Amino acid sequence: MGNSRRTLLKAATAVALSLSVGMAHAATWPARPINLIVPWGAGGGSDAIARMIGTLLEKDLGQPVNVVNRTGGNGVVGHQAIAGAKADGYTIGFVTVEIAMMHHQGLTKLSYKDYTPVALMNFDPAALTVAANSPYKNVNDVLAAAKANPGKLKASGTGFGGIWHLALAGMLDSLKIDPNVIRWVPSNGAAPALVDLAAGGVDLLAASLPEGRSLVDAGRAVPLVVMSAKPSGLYPKIPTLKTATGSTWEAGTWRGIAAPKGLPADIQAQLATSLEKIYASKEYQDFMAGRGFGVQFANPANFQKFWEKNDADMGSILKTLGMAK
């Protein structure tokens, strides 16, 4: 047998073997319960969405889906548990926006490169909200005041380097404005920042619309702009940042399903198909709308692009702020 013929035979054998392995995966997965790791505590937003997805995934796949909360290290512990699991489809995870930030902050070496993306299931864009009695009636009023009196305006919504801090700083940077012209007042989340906004302790709240919903619906706060490409489903009349200023900056919290790096492609495809079906279901849409969560879906390829861009955006603004390590 000639070398060329042997080479062709080996190639054909390799292809046949890979196909048979793929068919074997597809035919047998899932054959037992699946663990869905959530890097955040029970009772929070991420946990609630993950449990809804787990319930619907269990129905679609015909196997139990066990939600496992692995907390600690500001999300590092749970994300590490997802990345370090066996890539066989029986351990998947609920990855969140923090995975695009933590490695830039020196908290971990983990990044999107350590996972197999499956589906983006949620995106809650940042919004800029003021108290109802604020003199600022639109985002351009805020920008003009910030440029005229650097350091006078105060904003809050999370700790230093948290997603809402980076969202506001990135918005200013995208408009060629020094991110430090608005002073950031750190808080332990949006709830205490809302109290501060209502009391006049800060001028601006940078957070998702669902987080500011209580004050907005009570007529005590007014959202000025949302940092996304499309209007909010919760408050569709709020202008997008691009409409109001021309900036294409987008930022917010997001959540998706991922698996350890190396997940077989056929399992990835099967899981993504199930998740897309779940995303489109009335149960999921009603649940998300009822809680005020934003909905956005991306398949594996588009989730990969979304994740990579978000990682680059977070890294860039952290460097601008001098917070990257």
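Look above for the structure.
Residues numbered from 1 in each chain as written. Predicted model: local features only at pLDDT ≥ 70, side-chain atom pairs only at ≥ 80, totals over all residues. Heavy atoms only, no water.

Here we take up helix H7 (residues 209–217). Each α-helix turn comprises 3.6 residues. Residues three or four places apart therefore point the same way. Listed in full, the buried residues belonging to H7 are Leu209, Gly212, Leu215 and Val216. Buried residues of H7, viewed axially, fall in a sector of 110 degrees; they line one side. Exposed residues on H7 whose side chains face more than 90 degrees from its buried face are Ser214 and Asp217. On its buried side, H7 packs onto strand E4 (115–131), helix H6 (190–199), strand E7 (204–208) and strand E8 (221–226). At the exit of H7 stands Gly219, carrying a positive phi of roughly 80 degrees. (Buried < 20%, exposed > 50% of the residue type's maximum accessible area, 1.4 Å probe, protein only. Helix = DSSP H or I, 4+ residues; strand = E, 2+ residues; numbered from the N terminus. Arc of directions from axis to C-beta. Contact = heavy atoms within 4.5 Å.)

Looking now at the nonpolar core. One finds Tyr115, Leu128, Leu168, Met171, Ile182, Trp254 and Trp307 to be the most contacted residues of the largest nonpolar core, which totals 72 residues. Sequence-distant contacts of Trp254, defined by excluding residues within four places in its chain, comprise Val95, Thr96, Val97, Ile99, Ala100, Leu120, Asn122, Phe123, Phe303, Phe306, Trp307 and Asn310. (Core = buried A, V, L, I, M, F, W, Y, C linked by side-chain atoms within 4.5 Å.)

Take the environment of Ala83 next. Following the sequence through the fold, Ala83 ends up in helix H3 (residues 76–83). Residue classification places Ala83 among the buried residues on the basis of a relative accessible area of 19%. Put simply, Ala83 and Lys261 are 178 residues apart on the chain and 6.8 Å apart in space, counted from C-alpha to C-alpha. What Ala83 contacts, discounting residues up to four positions off in sequence, is Leu110, Asp114, Tyr115 and Pro260.

Before going further, it helps to spend a moment on the packing of helix H5 (residues 163–174) against helix H11 (residues 300–320). Each packed pair of helices is defined by two parameters, the angle between the axes and the distance between the axes. One can describe the packing of H5 onto H11 by two numbers: an axis separation of 10 Å at closest approach and a directional angle of 80 degrees. The orientation of H5 relative to H11 falls into the category roughly perpendicular. On H11, the residues touching Ile163, Leu166, Ala169, Gly170 and Asp173 of H5 are Met314, Ile317, Leu318 and Thr320. (Axes fitted to C-alpha atoms, helices over the stretch in contact; angles between N-to-C directions. Parallel < 35°, antiparallel > 145°, perpendicular 65-115°, else oblique.)

With that settled, the discussion passes to the side chain of Thr91. The topology assignment puts Thr91 in strand E3 (residues 91–96). Filtering out sequence-adjacent residues up to four positions away, Thr91 remains in contact with Asn35, Ile37, Ala85 and Pro260.

What follows concerns the packing of aromatic side chains. Any two aromatic rings considered together are summarised by their centre-to-centre distance and by the angle between their planes. A full pass over the atoms with the stated rule returns 8 aromatic pairs. Here the aromatic rings of Trp254 and Phe303 are separated by 5.7 Å at their centres, their planes lie at 85 degrees, and the arrangement is edge-to-face. One end of the pair, Trp254, is in strand E9 (residues 252–260); the other, Phe303, is in helix H11, with 49 residues separating them in the sequence. With respect to class, Trp254 is no different from Phe303; both count as buried. On the numbers, 5.8 Å between centres and 85 degrees between planes, the contact of Trp254 with Phe306 is edge-to-face. (Phe/Tyr/Trp six-rings, centres within 6.5 Å; stacked < 30°, edge-to-face > 60°.)

Glancing now at helix H9 (residues 265–280). Between the first and last C-alpha of H9 there are 22 Å, a value that for 16 residues agrees with the 22 Å anticipated at 1.5 Å per step. Of the residues making up H9, those classed as buried are Ile267, Gln268, Leu271, Ala272, Ser274, Leu275, Ile278 and Tyr279. Projected down its long axis, H9 shows its buried positions confined to an angular sector of 165 degrees, all on one face. Opposite the buried face of H9, at more than 90 degrees from it, the exposed residues are Ala265, Thr273 and Ala280. (Expected span 1.5 Å × (residues − 1).)

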